[in-house]
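Understanding the architecture of this molecule
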Amino acid sequence: MLKQERYQEFVNYFSTHNPDAQTELNYSNPYELLVAVILSAQCTDKRINQITPALFERYPDPETLAASSVDEVFSYIRSVSYPNNKAKHLVGMAQKLCDEFKGIVPEKIEDLVKLPGVGRKTANVISSVVYNNPAMAVDTHVFRVSNRLGLTSRATTPLAVEKQLVKFLPKETIAIAHHWLILHGRYICLARKPKCEICPITYFCKYFEKTHKVVG
DNA sequence: ATCCCGAGGG
DNA sequence: CCCTCTGGAT
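Residues numbered from 1 in each chain as written. Chains lettered and ligands numbered in written order. Predicted model: local features only at pLDDT ≥ 70, side-chain atom pairs only at ≥ 80, totals over all residues. Heavy atoms only, no water.

In the annotation of an unreviewed UniProt entry, chain A is listed under the name Endonuclease III and assigned to Sphingobacterium psychroaquaticum. As recorded by UniProt, the Sequence similarities (unreviewed entry) comment attached to chain A reads in full: "Belongs to the Nth/MutY family." Under the UniProt heading Catalytic activity (unreviewed entry), the entry covering chain A gives this text: "2'-deoxyribonucleotide-(2'-deoxyribose 5'-phosphate)-2'-deoxyribonucleotide-DNA = a 3'-end 2'-deoxyribonucleotide-(2,3-dehydro-2,3-deoxyribose 5'-phosphate)-DNA + a 5'-end 5'-phospho-2'-deoxyribonucleoside-DNA + H(+)". (UniProt positions renumbered as here; feature names shortened; annotations may be inferred.)

Set out below in structure tokens:
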């Protein structure tokens with residue numbers, strides 16, 4: 001199957017079966033989403049959602065977070081991965097947000113990545129989810145699933161995957177395709193043992209073709 | 001033991 | 001390119 005055909009099947013399947021895919025992180029404004037995404041590195045969304053209610057109650061806006069000590073933020077996030085780094089990042093992020101962006105989460109990728117704790121992946125999430133831009137955030141799931149499905153080929157870095165996906169996906173599907181890939185990776189196309197036996201999209205999957213199809 | 005919506009620094 | 005940060009679930 002040609003790569004373009006895989007893209008077509010991919011968009012066809014998920015736009016039919018999961019037209020409302022979205023993040024599983026709980027948040028109620030751009031600031032909260034930014035905090036939640038920074039916290040989500042190497043951590044399940046479920047765990048983040050367990051600690052963000054108290055965190056957002058204590059720090060309802062960038063100003064209160066910017067004024068906090070790193071130690072106090074740490075006490076709210078100690079159960080997530082890399083709590084020391086993230087506590088430092090969150091306070092630094094809030095301070096920069098207040099000092100240079102008037103407390104408003106910026107839209108441009110080049111502005112977002114200036115914030116401590118915000119790399120390209122997080123910046124793309126904010127750009128696409130908050131501002132509806134056709135940005136593709138490539139995390140571990142998007143990277144793995146894209147390569148397995150055959151949407152990308154010879155893409156060895158997240159940036160290479162991002163560029164190929166943005167190039168080949170219909171523009172209006174880029175934002176939601178991010179969530180399709182993540183959800184598929186999280187629940188079916190698992191890193192260690194992909195559940196091919198219950199996967200509904202093996203009919204256009206390159207990985208399934210390689211590993212299951214008998215070739216003479 | 002391996003994985004979870006990575007980022008920063010060397 | 002590499003390494004480190006780091007806790008909880010399976």
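With respect to the overall build of chain A
Secondary structure assignment for chain A yields twelve helices and zero strands. Put simply, chain A runs from its N terminus to its C terminus through helices and strands in the order α-α-α-α-α-α-α-α-α-α-α-α. Its C-alpha radius of gyration of 19 Å places chain A within 12% of the 17 Å reference for a compact globule of 216 residues. The principal-axis extent of the C-alpha atoms belonging to chain A is close to 65 × 30 × 30 Å. The buried share of chain A, reckoned over its 216 residues, is 46%. (Helix = DSSP H or I, 4+ residues; strand = E, 2+ residues; numbered from the N terminus. Rg over C-alpha atoms; globule rule 2.2 N^0.38 Å. Buried < 20%, exposed > 50% of the residue type's maximum accessible area, 1.4 Å probe, protein only.)

Quick look at the nonpolar core
Counting residues in hydrophobic clusters, the biggest one holds 36 residues, and the most contacted among them are Val 35, Leu 39, Leu 65 and Met 93. Only α2 (30-39), α3 (45-58), α4 (62-66), α5 (70-77), α6 (83-101), α7 (109-112) and α8 (120-129) provide two or more residues apiece to this core. In terms of residues, this core owes the most to one element, α2, which gives eight residues. With 29 residues, the next largest nonpolar core counts Tyr 7, Ile 176, Leu 181 and Ile 201 among its residues. (Core = buried A, V, L, I, M, F, W, Y, C linked by side-chain atoms within 4.5 Å.)

Considering the protein's contact with DNA strand C
In the vicinity of DNA strand C, the contacting residues are Gln 42, Arg 47, Arg 78, Ser 79, Val 80, Ser 81, Tyr 82, Pro 83, Asn 84 and Asn 85. A share of 55% of the atoms of DNA strand C within 4 Å of the protein falls on sugar and phosphate groups. The contact in question runs from a phosphate oxygen of DNA strand C to an N or O atom on the backbone of Asn 85, over 3.2 Å. If one sorts the elements of the surface near DNA strand C by residue count, α6 sits on top with three residues. When its residues are assigned to classes, the surface near DNA strand C shows three nonpolar, five polar and two charged. (Near = heavy atom within 4 Å. Polar contact = N/O pair within 3.5 Å; in protein donor to acceptor, adjacent residues only side chain to side chain. Nonpolar A, V, L, I, M, F, W, Y, C, P; charged D, E, K, R; others polar.)

Some details on the UniProt feature "binding site: [4Fe-4S] cluster" (unreviewed entry) in chain A
Under the UniProt annotation, the feature "binding site: [4Fe-4S] cluster" (unreviewed entry) is placed at Cys 189, Cys 196, Cys 199 and Cys 205. These annotated residues cover 17 residues of sequence, and their C-alpha atoms all fall within 10.8 Å of one another, placing them together at a single site. In this structure, Cys 189 is in contact with Arg 144, Val 145, Arg 148, His 184 and Pro 194, ignoring residues within four places of it in sequence. Its location among the elements puts Cys 196 in the loop between α11 (174-187) and α12 (206-212). Cys 196 sits in the buried class, given a relative accessible area of 14%. (Contact = heavy atoms within 4.5 Å.)

Observations regarding helix α1 (residues 3-17)
Within an α-helix, residues lying three or four positions from one another point in the same direction, as the helix has 3.6 residues per turn. A rise of 1.5 Å per residue sets the reference length of α1, with its 15 residues, at 21 Å; its end C-alpha atoms lie 21 Å apart and thus fit the reference within 8%. Looking at α1, one finds that the buried residues are Arg 6, Tyr 7, Phe 10, Val 11, Tyr 13 and Phe 14. Contacts from the buried residues of α1 go to α9 (140-149), α10 (158-168), α11 and α12. (Expected span 1.5 Å × (residues − 1).)

Observations regarding unusual backbone geometry
At Gln 42, a position not held by glycine, the phi torsion is positive, near 55°. Position of Gln 42 relative to the elements: it lies in the loop between α2 and α3. Judged by relative accessible area, Gln 42 falls into the exposed class, the value being 58%. A positive phi angle, close to 60°, is found at Asn 132, a residue other than glycine.

Here we look at the protein's contact with DNA strand B
Taken together, 28 residues surround DNA strand B, and among them Thr 23, Gln 42, Gly 117, Thr 122 and His 141 come closest. The contact atoms of DNA strand B, taken as those within 4 Å of the protein, divide so that sugar and phosphate hold 68%. Side-chain polar atom of Lys 121 to a base oxygen of DNA strand B: 3.0 Å apart, as the coordinates give it. At 3.0 Å, a side-chain N or O of Asp 139 approaches a sugar or linking oxygen of DNA strand B. For the surface near DNA strand B, the element with the most residues is α11, which contributes four residues. Along the lines of polarity and charge, the residues of the surface near DNA strand B split into eight nonpolar, twelve polar and eight charged.

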